[in-house]
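Letter by letter, the chains look like this.
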Amino acid sequence: MKNRQIEDPPTRWHVLDNPDAVAAQAARRILQAASRAITERGLFSIVLAGGRTPQAAYRLLVDAGTDWSCWEVYFGDERCLPADDAERNSLMAARALLDSVAVPAANIHPIPAEWGAEAAARDYEPVVRAALPFDLVLLGMGEDGHTASLFPGQQHPADQLVHAVHNAPKPPQDRVSLSAGALSDAREVLILVTGAGKQTAIQGWRGGEQLPIAAIGGSAQVDVLLDKAAQA
Ligand code: 6PG
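All figures in this text were calculated on a predicted structure; none of them were measured in a lab.

### With respect to the site of the ligand
As a structural note, the neighbourhood of the ligand is formed by 16 residues, with Arg52, Thr53, Arg79, His146 and Ala148 the closest of them. Within the complex, 97% of the 420 Å² of free accessible area of the ligand lies under protein. Looking at the shell around the ligand, its residues break down into two nonpolar, eight polar and six charged.

### Structural notes on the sheet that holds strand E2 (residues 44-48)
Taken in spatial order, the six strands line up as E1-E9-E8-E5-E2-E3 in an open sheet, and their pairing is parallel. On the outer flanks of this sheet lie strand E1 (12-16) and strand E3 (71-75), each paired with one strand and no other. Across this sheet, the average inter-strand angle for adjacent strands is 20 degrees, counted without regard to direction. As paired strands, strand E5 (residues 134-139) and strand E8 (residues 186-193) are joined by five bridges and run parallel to one another. Following the sheet pairing, Leu138 is matched in E8 by Leu190. In this fold helix H6 (residues 199-206) packs onto E1, E8 and strand E9 (221-227), with an angle of close to 155 degrees to the strand it touches most, E1.

### Examining the environment of Asp63
When you line up the elements, Asp63 lands in the loop between helix H2 (55-61) and E3. According to the relative accessible area criterion, Asp63 is exposed, its value standing at 74%. Linking Asp63 and Arg88, residues 25 residues apart in sequence, is a C-alpha distance of 24 Å.

### Examining the pattern of salt bridges
All chains considered together, the criterion is met by 12 salt bridges. Two residues, Asp135 and Arg41, come together in a salt bridge whose shortest N-O distance is 2.6 Å. Placement of Asp135 in strand E5 and of Arg41 in helix H1 (residues 19-41) is noted, with a sequence separation of 94 residues between them. Given a relative accessible area of 35%, Arg41 falls into the partly exposed group. Its salt-bridge partner being Arg88, residue Glu114 comes within 2.9 Å of it at the nearest N-O pair. Linking Glu114 in the loop between helix H3 (89-96) and helix H4 (117-131) with Arg88 in the loop between strand E4 (77-79) and H3, this pair joins segments that are 26 residues apart in sequence. The exposure class assigned to Glu114 is partly exposed, which follows from its relative accessible area of 38%. Among the residues examined, Arg88 registers a relative accessible area of 2% and is labelled buried.

### What to know about the packing of aromatic side chains
Scanning all chains against the criterion turns up four aromatic pairs. Seen in terms of ring centroids, Phe44 and Trp71 are 4.8 Å apart; in terms of plane orientation they differ by 85 degrees. Their pairing is edge-to-face. With Phe44 in strand E2 and Trp71 in strand E3, this pair connects stretches of sequence that are 27 residues apart. For the pair Phe44 and Trp71, one class covers both residues: buried. Here a set of aromatic residues connected by ring pairs shows up, and it is made of Phe44, Trp68 and Trp71.

Reading the values: rules and limits
All residue numbers refer to position in the chain's written sequence, counted from 1. Only residues with pLDDT of 70 or above have their local features reported here, since the model is predicted, and side-chain atom pairs are shown and tallied only from 80 upward, although totals for entire chains, interfaces and linings are computed over all residues. No hydrogens and no water enter the side-chain calculation; it runs on all heavy atoms of the structure. Residue proximity to a molecule or strand is established when one non-hydrogen atom of the residue lies within 4 Å of it. Working definition of accessibility: Shrake-Rupley area with a 1.4 Å probe, residue cover restricted to the visible protein chains. Throughout, the ten residues Ala, Val, Leu, Ile, Met, Phe, Trp, Tyr, Cys and Pro are labelled nonpolar, Asp, Glu, Lys and Arg are labelled charged, and all others, Gly among them, are labelled polar. A pair of strands is considered paired only if DSSP assigns at least 2 bridges between the two. Starting at the N terminus, helices and strands are each numbered in turn, a helix being any DSSP run of H or I of at least four residues and a strand any DSSP run of E of at least two. Interaxial angle, 0 to 180 degrees, is taken between N-to-C directions of lines fitted to C-alpha atoms, where a helix line uses only the stretch in contact. By definition in these notes, contact holds between two residues if any of their heavy atoms fall within 4.5 Å. A 1.4 Å probe rolled over the protein chains alone gives each residue an accessible area, and that area as a share of the maximum for its type sets the label: buried under 20%, exposed over 50%, partly exposed in between. Between Lys or Arg on one side and Asp or Glu on the other, a salt bridge is scored when a side-chain nitrogen of the former is within 4 Å of a carboxyl oxygen of the latter. Pairs were defined over the aromatic rings of Phe, Tyr and Trp, the Trp ring being its six-membered one, requiring ring centres within 6.5 Å. Orientation was assigned from the angle between planes: stacked under 30 degrees, edge-to-face over 60, tilted for the rest.

Shown next, in the form of structure tokens:
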């Protein structure tokens with residue numbers, strides 16, 4: 001796992017009162033990043049996080065004044081389940097945000113994880129390669145310090161941008177994940193962490209433990225929005 005280099009920007013930690021404050025600040029930062037990217041380059045590429053934590057932020061974006069036609073939406077990981085399974089990260093994002101805003105369907109790039117992990121990873125690799133660097137990567141963190149579907153103790157080929165993941169400790173066992181390198185190849189990375197269950201992993205991460213979440217960053221600016229419960 002790659003350590004951050006001395007010249008890399010330091011991770012910035014923002015402790016907020018509660019999950020609502022995390023969601024509000026996340027939504028604000030996403031819109032600022034979108035506005036910057038659209039002004040400078042005419043499009044905004046964002047990688048969405050799965051799990052529960054980002055949903056509140058996604059919902060806050062529904063009424064935002066942004067040029068949705070300029071958004072290009074990618075996913076950091078996906079669960080190998082049927083495309084219409086309620087546990088799919090793509091379905092969560094559709095229900096919370098994408099079904100309610102005017103991002104053109106062709107600009108939404110789901111991971112075809114219903115094909116199985118290997119086939120989906122192979123298919124998504126060129127999609128990711130063409131998109132790099134992302135403008136903004138959103139991530140969550142699990143209680144064991146995993147992020148996207150990069151789990152502690154699992155090894156993946158260093159040359160892949162997208163990994164097929166098996167035996168994941170969080171169900172389902174089969175998943176697809178962008179690599180730490182691809183998730184770090186971004187102008188900005190925003191990590192959302194809430195709840196007391198995340199305290200131990202936060203302490204480990206801040207204490208220099210080699211957790212998957214700690215491998216994200218490189219030269220990208222990383223901002224972590226966490227609530228007091230996760231920090232305590
Ligand atoms: C997934 C994820 C995963 C998630 C973390 C945090 O598919 O489960 O992408 O990495 O972001 O496990 O999940 P919560 O936000 O639900 O705690």
